[in-house]
Amino acid sequence: MANIIVHGTGQELATTSGAGTAADPFVQSIGTTPAASEVHIGQVTAPTDVISVVPVCDTNAYASGDLIADATAIAAAVRVTGGRAILQSLTIIDADAQGVAFSIYFMSTNTTFGTFNAAPSISDANIAAGLLGRVDVATTDYTTLNGSKIVSLKNIGLVIEVPATTMWFAIVNSTGTPTFTASGLKFVFGLLQD
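What counts as what
Residues numbered from 1 in each chain as written. Predicted model: local features only at pLDDT ≥ 70, side-chain atom pairs only at ≥ 80, totals over all residues. Heavy atoms only, no water. Helix = DSSP H or I, 4+ residues; strand = E, 2+ residues; numbered from the N terminus. Contact = heavy atoms within 4.5 Å. Areas by Shrake-Rupley, 256 points an atom, 1.4 Å probe, with all protein chains shown as cover. Salt bridge = Lys/Arg side-chain N within 4 Å of Asp/Glu carboxyl O. Buried < 20%, exposed > 50% of the residue type's maximum accessible area, 1.4 Å probe, protein only. Pairing = 2+ DSSP bridges. Axes fitted to C-alpha atoms, helices over the stretch in contact; angles between N-to-C directions. Core = buried A, V, L, I, M, F, W, Y, C linked by side-chain atoms within 4.5 Å.

Enquirer: Hey, could you run me through the overall build of the chain in this one?
Expert: Helix and strand content of the chain: one helix and 13 strands. Scanning the chain from its N terminus toward the C terminus, one meets helices and strands in the order β-β-β-β-β-β-β-α-β-β-β-β-β-β. Long-range contacts, defined as pairs at least 24 residues apart, comprise 80% of the intrachain contacts of the chain with a sequence gap of at least 6. Of the roughly 10400 Å² of accessible surface on the chain, a fraction of 55% belongs to carbon and sulfur atoms.

This is the structure:
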């Protein structure tokens, strides 16, 4: 690929494959040949990943404020150890069609939130050490599709950073008394990774 060069007078533009000559030492290169992986530079975008996770739920009825699912791994949430990503979208498939509001807490470490069907018992120290953020799901976020309820949250924009490559999440019920099957909830995370 030819480089654009500027001669010492600043009035002349030309292209050349060289970076200057002894006769014209003031030739400067503007731009360089891209790396082989970036030859189609207009097609290069931030890496993305879509990760599906089915947390384990208890099969007994929950009360408001109860822990629905304890710390569950989102493996390879970031590309490299200590990396960052943006949680951009989240799709939830509620195969049991319970449609209740709940909060999803994201952690950088595998920290238990407590026991199913009880209020979370995570310590303040663990919250301070590992909490990345929270995403709330409202009853109005659901759409009924056949015998399931679906949530599709877009433009979340939660920036995460984890010490390894795995992020963790737990779910806390906000309303109602839902009863789920053990694998009745499926989460699909859309991540923009750096």
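Enquirer: Just to check I follow, could you spell out the pattern of salt bridges for this structure?
Expert: Any two side chains of opposite charge can pair, given that their charged atoms come close. By the definition in use, this model includes two salt bridges. Across the pair glutamate 161 and arginine 84 runs a salt bridge whose closest N-O atoms are separated by 3.5 Å. With glutamate 161 in strand 11 (residues 158-161) and arginine 84 in strand 6 (residues 84-94), this pair connects stretches of sequence that are 77 residues apart. Linking arginine 134 and aspartate 136 is a salt bridge whose minimum nitrogen-to-oxygen distance equals 2.9 Å. Here aspartate 136 falls in the partly exposed class, since its relative accessible area comes to 39%.

Enquirer: Where do I start with the pairing of strand 9 (residues 142-145) in this structure?
Expert: For a regular strand, the rule is simple: side chains alternate between the two faces of the sheet. Where strand 9 and strand 10 (residues 148-153) come together, four bridges link them in antiparallel fashion. By the bridge assignment for strand 10, leucine 145 is matched with serine 148. Here strand 9 hands over to strand 10 after two residues, with asparagine 146 in that stretch at a positive phi of 55°.

Enquirer: Where do I start with the sheet that holds strand 7 (residues 102-107) in this structure?
Expert: Each strand in a sheet pairs with its neighbour through backbone hydrogen bonds, running either in the same direction (parallel) or in the opposite one (antiparallel). Pairing is antiparallel across the open sheet formed by four strands, whose spatial order is 5-12-7-8. At either margin of the open sheet sits one strand with a lone partner, and together these are strand 5 (67-74) and strand 8 (131-137). For this sheet, the mean inter-axis angle between neighbouring strands, taken without regard to orientation, is 20°.

Enquirer: How do you make sense of the side chain of serine 108 when you look at a structure like this?
Expert: Checked against the element boundaries, serine 108 lands in the loop between strand 7 and helix 1 (124-130). The class of serine 108 is buried, set by a relative accessible area of 11%. Other than its neighbours up to four places away in sequence, serine 108 contacts Ala129, Gly130, Leu132, Glu161, Val162, Pro163, Thr166 and Trp168.

Enquirer: It is not clear to me how unusual backbone geometry should be interpreted in this structure. Could you clarify?
Expert: Across the chain, the bulk of peptide bonds are trans and the bulk of non-glycine residues have phi less than zero. The phi torsion at alanine 97 lies on the positive side, around 55°, for a residue other than glycine. The topology assignment puts alanine 97 in the loop between strand 6 and strand 7. Classification of alanine 97 as partly exposed rests on a relative accessible area of 28%. Positive phi, normally seen in glycine, also occurs at asparagine 146, with a value near 55°. Relative to the elements of secondary structure, asparagine 146 occurs in the loop between strand 9 and strand 10.

Enquirer: Would you mind going over the nonpolar core with me for this structure?
Expert: Ranked by internal contacts, the top residues of the largest apolar core, which has 33 residues, are Phe102, Phe106, Phe187 and Phe189. Residues in contact with phenylalanine 187, not counting those within four places in the same chain, are Ile51, Ser52, Val53, Pro55, Leu90, Thr91, Ile92, Phe102, Ile104, Phe169 and Ile171. One finds Leu67, Phe113, Trp168 and Val172 within the second-largest nonpolar core, a separate group that totals seven residues.

That is the geometry; function is a separate question.
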